[in-house]
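Now for the letters of each chain:
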Amino acid sequence: MNVGFFYVKNHGIPPECIDNVLEVNKEYFKLPTEEKLKLNHKNVANFKGYTPLLDANIEPGNRGDLHEAFQIGWEELEAKTHDEKRANDGVMAGSNVWPERPEKYREGVLKYYHAAVAVGKILFPLFALSLDLPERYFDDKTKNSAAIMNILHYPPQTGPADDRIVGIGAHTDFECFTILWQQPGIQALQVLNSQKEWIKAPPIDGTLVINLGDQFARWTNDIFKSTVHRAVNRNGVDRYSIPLFFGTDYDVNVEPIASCVSAERPARYEPVLAGEYVNQRLKEMYY
């Protein structure tokens, strides 16, 4: 596989669910900065909460990523004090935080979150079959899959096209799959192809973009590759997108699958604990 990006349709997320999560986030990001900063992710366990403009800088050498975000992890719609699904999160443990405004923010965000998680659960069996593995090969490694979701707001970007501040700099994602909803009609996502050219990945109505992340590249010994991408919003309007980063359980040791290793393709990666890997990559992005 040369480029780890593809579109899916008939994904099962109801249009009204997408409309609701977009509307509550348009309201949220219009709130005064001082109010949003009450939930600054640097004051909350493991990057949950609000990320202000230019706080992240994912591409070394750039001067910051021109977006603001709100990040959550797993939480049941009916909140539990002690959720057994998160008992083994280790270094990635930490509860979600929620703003007081707008009303029904938590409900709108979590309904979309769980619908997107359902899409992620479909992907692992499909990729197992593509690797000539048993369909349920990944089941015991994804009982409580890591699922981090960011709601991203990109303000219009002005200035010279070569400015080292862009919506989000060139990077690969950390988990196994990213399930991305893009706001229709606003082009920003760009993918680096094998010829080192930036290719537009426009939003297509009724679809999600799926891209493969570094954990899956490590697991499959680069049979499936993670792909460098970025977002540049030079459309003169605000843009919203929602990536869900879907991966293995945080306590799983990720190392090349035996059937993906051979004399011609020796193991390219050392084993790493999934949660520690994600935690380290997030620290590199924000600190």
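Counting from 1, residues in each chain are numbered in the order their sequence is written. Thresholds applied to this predicted model are a pLDDT of at least 70 for local features of residues and 80 or more for the giving and counting of side-chain atom pairs; totals over whole chains, interfaces and linings are not thresholded and use all residues. Side-chain measures here rest on the full set of heavy atoms in the structure, leaving out hydrogens and waters.

With that settled, consider the overall build of the protein chain. Here a strand is any run of E in DSSP of at least two residues, a helix any run of H or I of at least four, and the numbering for each starts at the N terminus. A count of helices and strands for the protein chain gives five helices and 13 strands. On C-alpha atoms alone, the protein chain measures out to a radius of gyration of 18 Å, which is about the 19 Å that the 2.2 N^0.38 rule sets for 287 residues. The C-alpha extent of the protein chain, read off along each of the three principal axes, is 55 × 50 × 40 Å. Buried means the residue's accessible area, taken with a 1.4 Å probe over protein chains only, is under 20% of the maximum for its type, while exposed means over 50%, and partly exposed covers the values in between. Each of the 287 residues in the protein chain was classed as buried or not, and the buried ones make up 57%. It is over C-alpha atoms that the radius of gyration is taken, and the globule rule equals 2.2 Å times the number of residues to the power 0.38.

Okay, the state of the cysteines next. Two cysteine sulfurs form what is called a disulfide whenever their separation falls within 2.5 Å. Taken as a whole and assessed by the stated rule, the structure comprises zero disulfides. The structure places no disulfide on Cys-176, whose sulfur is separated from the nearest cysteine sulfur, that of Cys-260, by 12 Å.

With that settled, consider the sheet that holds strand β5 (residues 168-171). Note: two strands are recorded as paired if DSSP finds a minimum of 2 bridges between them. What the four strands build is an open sheet, ordered β5-β10-β7-β8; its pairing is antiparallel. For this open sheet the edge positions go to β5 and β8 (198-200), each flanked by a neighbour on one side alone. The average angle at which neighbouring strand axes cross in this sheet is 25°, direction not considered. Note: strand β7 (residues 189-192) against strand β10 (residues 229-231), three bridges, orientation antiparallel. Directly across from Gln-190, in β10, lies its bridge partner Arg-230. Note on geometry: axes are lines fitted to C-alpha atoms, helical ones only across the stretch in contact, with angles between N-to-C directions running from 0 to 180 degrees.

With that settled, consider empty space enclosed by the protein. The way it works is a 1 Å grid over only the protein atoms, where trapped points that fit a 1.4 Å probe form a cavity and open points with protein on both sides within 12 Å along at least five of seven lines form a pocket, and then any residue with an atom within 4 Å of a point lines it. Grid points are joined across faces, edges and corners, and a volume is the space filled by probe spheres set on the points. Scanning the model with the defined rule gives two cavities of 30 Å³ or more in all. Looking at the largest cavity, its volume works out to about 360 Å³. Lining the largest cavity are 29 residues; nearest its centre among them are Ile-168, His-171, Asp-173, Pro-243 and Phe-245.

Think of a salt bridge as a Lys or Arg side-chain nitrogen and an Asp or Glu carboxyl oxygen that are within 4 Å of each other. Under the definition given, this model contains eleven salt bridges. Note that Asp-222 and Arg-268 form a salt bridge whose closest N and O atoms lie 3.3 Å from each other. A residue pair is termed long-range when its members are at least 10 positions apart, and Asp-222 in the loop between α4 (214-219) and β10 and Arg-268 in the loop between β12 (253-254) and β13 (272-273) qualify at 46 residues. What makes Arg-268 partly exposed here is its relative accessible area of 47%.

In the predicted model, the protein chain carries a mean pLDDT of 89, and 91% of its residues have values of at least 70. Within the protein chain, the element-level pLDDT minimum falls on helix α5 (residues 274-286), averaging 80, and the maximum on helix α1 (residues 15-29), averaging 98. Think of pLDDT as the predictor's per-residue confidence, scored from 0 to 100.

With that settled, the discussion passes to the environment of Tyr-240. Mapping Tyr-240 onto the fold places it in strand β11 (residues 239-246). Measuring from C-alpha to C-alpha, the distance between Tyr-240 and Lys-26 comes to 8.3 Å, with 214 residues separating the pair along the chain.

Attention now moves to the packing of aromatic side chains. Here is the rule: rings of Phe, Tyr and Trp (six-membered ring for Trp) pair when centre to centre is within 6.5 Å. Planes less than 30 degrees apart are stacked, more than 60 are edge-to-face, and the remainder are tilted. Using the criterion set out here, one finds 23 aromatic pairs in the structure. Look at Phe-29 and Tyr-240: their rings are 6.4 Å apart centre to centre, the planes differ by 40°, and that puts the pair in the tilted class. Placement of the pair is Phe-29 in helix α1 and Tyr-240 in strand β11, with a sequence separation of 211 residues. Of the two residues, Phe-29 and Tyr-240, both sit in the buried class. On the basis of an interplanar angle of 35° and a centroid distance of 5.9 Å, the ring pair of Phe-216 and Phe-224 is categorised as tilted. For Phe-216, a relative accessible area of 0% gives the class buried. By the ring-pair criterion, three or more aromatic residues cluster together here, those being Phe-6, Phe-124, Phe-127, Tyr-137, Phe-138, Phe-177, Phe-216, Trp-219, Phe-224 and Phe-246. A cation sits over an aromatic face here: Lys-141 above Tyr-137, 4.1 Å from the ring centre. One Lys or Arg, Arg-230, reaches over the ring of Trp-198 and ends 4.1 Å from the middle of that ring. In this scheme, the term charge over a ring applies when either NZ of a lysine or CZ of an arginine sits within 6 Å of the ring centre and within 35 degrees of the ring normal.

It is worth spelling out the sheet that holds strand β1 (residues 5-9) at this point. One open sheet accounts for seven strands, arranged β1-β9-β6-β11-β4-β3-β2; its pairing is antiparallel. A single partner strand is all that each edge strand has here, and the edge strands are β1 and β2 (49-51). Each adjacent strand pair in this sheet contributes to an overall mean axis angle of 25°, direction not counted. In terms of strand pairing, strand β3 (residues 68-72) meets strand β4 (residues 147-154) through five bridges, oriented antiparallel. Across the sheet, the residue bridging to Ile-72 is Met-149, located in β4. We call two residues in contact when some of their heavy atoms are within 4.5 Å. Docked against the sheet, α1 engages β2, β3, β4, β6 (177-182) and β11, running at close to 115° with respect to β11.

On to unusual backbone geometry. Residue Pro-102 is reached from Arg-101 by a cis peptide bond, and omega for that bond is -5°. You can see Pro-102 is positioned in the loop between β3 and α3 (105-130). Even without a glycine there, the phi angle at Lys-196 is positive, about 65°. Inspection of the secondary structure assignment puts Lys-196 in the loop between β7 and β8. Positive phi outside glycine occurs at Asp-222, with the angle close to 70°. On the basis of relative accessible area, Asp-222 is assigned to the buried category, the value being 15%.

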